[in-house]
Structure formats: structure tokens, C-alpha cells
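Per-entry structural report
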Amino acid sequence: MKEPIYSRVLLKLSGEILAGEKGFGIDPSKASFLAKEIKSIYSLGVGIGLIIGAGNIFRGLQASDRGMDRVTGDYLGMLATIMNAISVQDALEQEGCETRTLSAINITQIAEPYIRRRALRHLEKGRIVIVSGGTGNPFFTTDSAAALRAKELNAEIVIKGTKVNGIYNDDPVKNPSAIKYDQLSYDKVLQDNLRVMDLTAITLCKENRIPIQVFNIRESGSLKEFILGGKIGTVVSE
């Protein structure tokens, strides 16, 4: 049997993946699907840090564009990531995965405070660590939080699960002729403004030499395939 090519990863998932047919809220069946996909690599002994966005519930930047104070909007977005984290934690535990949710915002009734040494200890004990609440600060996205936590938790790679199967030179939904990249450099992503992740996240990964893998999390089995060495999606590295 093939062995995993990574021993510890930071999995970043878009909040939209949890949304139902209406594109909003949390669909328990979507959470269950994600849990099964994550369990497939958890069962291989891979250490997993997990960060989930909030786009299915609230987007602080969009609220700001409509007149809400940016800081207020960002904090509401952070709270939404906690809701997503708790829903995925429940789904993972139903699959038999030992899981802990840590939050960068103190909300101790439902999540432990994010403390790096505590998170590392959970990983050492074989638990999936879900980090919610972003970085705990406004003006930083969950992409930036993923890059930061990947470095803090000694992850070997940031794996970004999205709705598309990699990075393209244009929106593949709007442009069927868009070209998919198999591999990109950090500089190419920054220069062409490809919007894989925000600029802060890309820069953090570049400075710390953490590769980024982008793939379609909705394709069943693709996460496990990648962890076992399969060539899927797009990788961003030096």
C-alpha cells in the first residue's frame, strides 16, 4: 500500500463547500461529505490542521462595501468561521475522528482558546485540530490565517480545497477556454494576480517555503489521492 507523502498538513476549505443548494448556510450532508474526505487521510495517520472560511454565512468585505464598518464586518465573519468549525467537528466525530476546535476569539463554552503549544499537543496526540476565528484580528482573511497556522503548526503544505480543480488563467466557469496550470511559482501568482489566496497568504507561504496545493474538494477521493502522491490540481511553490 502507498504511504502518505506528507505527515502533517494544513487543510484550508472554502465555507461555500458547506452550503446547500441555495448557496447559503450549513447543510449537514455537505459537512458529512467533508468529514468522510478528511477521515480518508486521517486514517492514514496524517496530522491535520483545518481552517474553514465563512463565505456560506457572512463576508465582512462585502458587508463593508454596503456600509458596515469594516472591523465590525470582519469580526462577524470570524464568528461565522466558528459556526462552520463546530458543524464540521460534529461531522468528524460522527465518523470516529478525534477532533478539537480552537478559536482565536475567546468563546470557551464551545471552543478552546487558540494556543500554539496546545494545538501542537493535540496534533501529537493524533487529533484533528480545527482552528477557527481567523487570526483573531480584522483585515486578515482565513487564507492568511491558514498560511500563518501552517507555519506555527509545522505543516509541510497548505492544501486548499475549492470548487474548481486547480488554478486557471481565467474563470473556467465563465470562460471554457481558460487554461489550467499544473504548477506555478509564488512570484507568478503575485505578478499575475491569480487570486489563489490573498497576497498576504501567498507572501507568508513564499517567505516560509510552504507549498500550496489547490484542488476540487467536491471530487470524492481526490484528497486521499493527492496525499498518496497523485497528480491533481495545481501546486504553487518556488
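As a starting point, this report considers the structure included with it. The shown structure was predicted, so the numbers you read here are calculated from the model rather than taken from an experiment.

**Thoughts on unusual backbone geometry**
Its identity is not glycine, yet Asn 154 carries a phi of approximately 60 degrees, on the positive side. By the secondary structure assignment, Asn 154 is in the loop between α5 (142–152) and β6 (158–162). Residue Asn 193 is not a glycine yet carries a positive backbone phi of 50 degrees. Mapped onto the fold, Asn 193 is located in the loop between α6 (186–192) and α7 (199–207).

**A word on the pairing of strand β2 (residues 47–52)**
Counting buried residues in β2 gives six out of six residues, a clear majority hidden from the surface. Side-chain alternation along β2 places Gly 47, Gly 49 and Ile 51 on one buried face and Ile 48, Leu 50 and Ile 52 on a second face that is also buried. When strand β1 (residues 8–13) meets β2, the two strands line up parallel, connected through six bridges. Residue pairing for β2: Lys 12 is matched across the bridge by Ile 51. Crossover connection from β1 via helix α1 (residues 28–42) to parallel β2: handedness right-handed. Relative to strand β5 (residues 128–132), β2 runs parallel, the two being bridged by two bridges. Residue pairing across strands places Gly 49 opposite Val 129, the latter belonging to β5.

**Things to note about the environment of Val 9**
Topologically, Val 9 is positioned in strand β1. Distance from Val 9 to Val 46, taken between C-alpha atoms, is 7.4 Å for residues 37 residues apart in sequence. Each residue touching Val 9, except ones within four places of it in the same chain, is listed here: Ile 41, Val 46, Gly 47, Ile 48, Gly 49, Ala 155, Ile 157, Ile 159 and Ile 227.

**Some points on the pattern of salt bridges**
Under the counting rule described, the total for this entry stands at 14 salt bridges. Two residues, Asp 143 and Lys 160, come together in a salt bridge whose shortest N-O distance is 3.3 Å. Of the two residues, Asp 143 sits in helix α5 while Lys 160 sits in strand β6, which places them 17 residues apart along the sequence. The class for Asp 143 is buried, based on a relative accessible area of 9%. Assessed through its relative accessible area of 8%, Lys 160 is described here as buried.

**Quick notes on the packing of aromatic side chains**
Per the counting criterion, the structure on display carries one aromatic pair. Above the plane of the ring of Tyr 114 lies Arg 149, whose end atom (NZ or CZ) is 3.9 Å from the centre.

**So, the packing of α5 against α7**
Running from N to C, α5 and α7 point in directions that differ by 15 degrees, and their axes come no closer than 7 Å. Classified by the angle between their axes, α5 and α7 sit roughly parallel to one another. Every pair of crossing elements has a handedness; the one defined by α5 and α7 is left-handed. Contact with α5, carried on its side by Asp 143, Ser 144, Ala 147 and Leu 148, involves Thr 200, Ala 201, Leu 204 and Cys 205 of α7 and no other residues of that element. Here the residues of the contact of α5 with α7 are counted per class, giving five nonpolar, two polar and one charged.

**Notes on α5**
Along an α-helix, residues three or four apart share an orientation, since each turn contains 3.6 residues. Among the 11 residues in α5, eight count as buried, and that is most of the element. Taken as a whole, α5 has its buried residues at Thr 142, Asp 143, Ser 144, Ala 145, Ala 146, Ala 147, Arg 149 and Ala 150. Against β1, β2, α3 (70–94), β5, β6 and α7 lie the buried residues of α5. A side-chain oxygen of the first residue of α5 lies 3.2 Å from the backbone nitrogen of Asp 143; this N-cap is Thr 141.

Conventions we followed
- Think of each chain on its own: its residues are numbered from 1, step by step along the sequence as written.
- Where local features are concerned, this predicted model is filtered to residues with pLDDT of at least 70; where side-chain atom pairs are given and counted, the filter is 80 or more; whole-chain, interface and lining totals use all residues.
- Side-chain measures here rest on the full set of heavy atoms in the structure, leaving out hydrogens and waters.
- Helix and strand assignments come from DSSP, with helices taken as H or I runs of at least 4 residues and strands as E runs of at least 2, each series counted from the N terminus.
- Only protein chains enter the accessibility calculation, which uses a 1.4 Å probe; a residue is then buried when its area is under 20% of its type maximum, exposed when over 50%, and partly exposed in between.
- By definition, two strands form a pair when at least two bridges between them are found by DSSP.
- With the strands aimed away from the viewer, a crossover counts as right-handed if its path from the first strand over the helix to the second runs clockwise.
- A contact between two residues is defined here by any heavy atoms of the two lying within 4.5 Å.
- By salt bridge we mean one thing: a side-chain nitrogen of Lys or Arg within 4 Å of a carboxyl oxygen of Asp or Glu.
- Whether two aromatic rings pair depends on their centres lying within 6.5 Å, for rings of Phe, Tyr and Trp, where Trp uses its six-membered ring; planes under 30 degrees apart make the pair stacked, over 60 edge-to-face, and the rest tilted.
- Only when the NZ atom of a Lys or the CZ atom of an Arg is both within 6 Å of the ring centre and within 35 degrees of the ring normal do we say a charge sits over the ring.
- For every element, the axis is a line fit to its C-alpha atoms; helices are fit only across the contacting stretch, and the angle between N-to-C directions ranges from 0 to 180 degrees.
- Orientation labels follow simple angle bins: below 35 degrees gives roughly parallel, above 145 gives roughly antiparallel, 65 to 115 gives roughly perpendicular, and whatever is left gives oblique.
- A clockwise turn of the near helix away from the far one marks a right-handed crossing, whereas an anticlockwise turn of less than a right angle marks a left-handed crossing.
- Residues are grouped as follows: Ala, Val, Leu, Ile, Met, Phe, Trp, Tyr, Cys and Pro are nonpolar; Asp, Glu, Lys and Arg are charged; every other residue, Gly included, is polar.
- By the criterion applied in these results, polar contacts are pairs of N or O atoms within 3.5 Å in which, for protein atoms, one can donate a hydrogen and the other can accept it, and in which residues neighboring in sequence qualify only through two side-chain atoms.

These results come straight from atomic positions and should not be treated as a statement about function.
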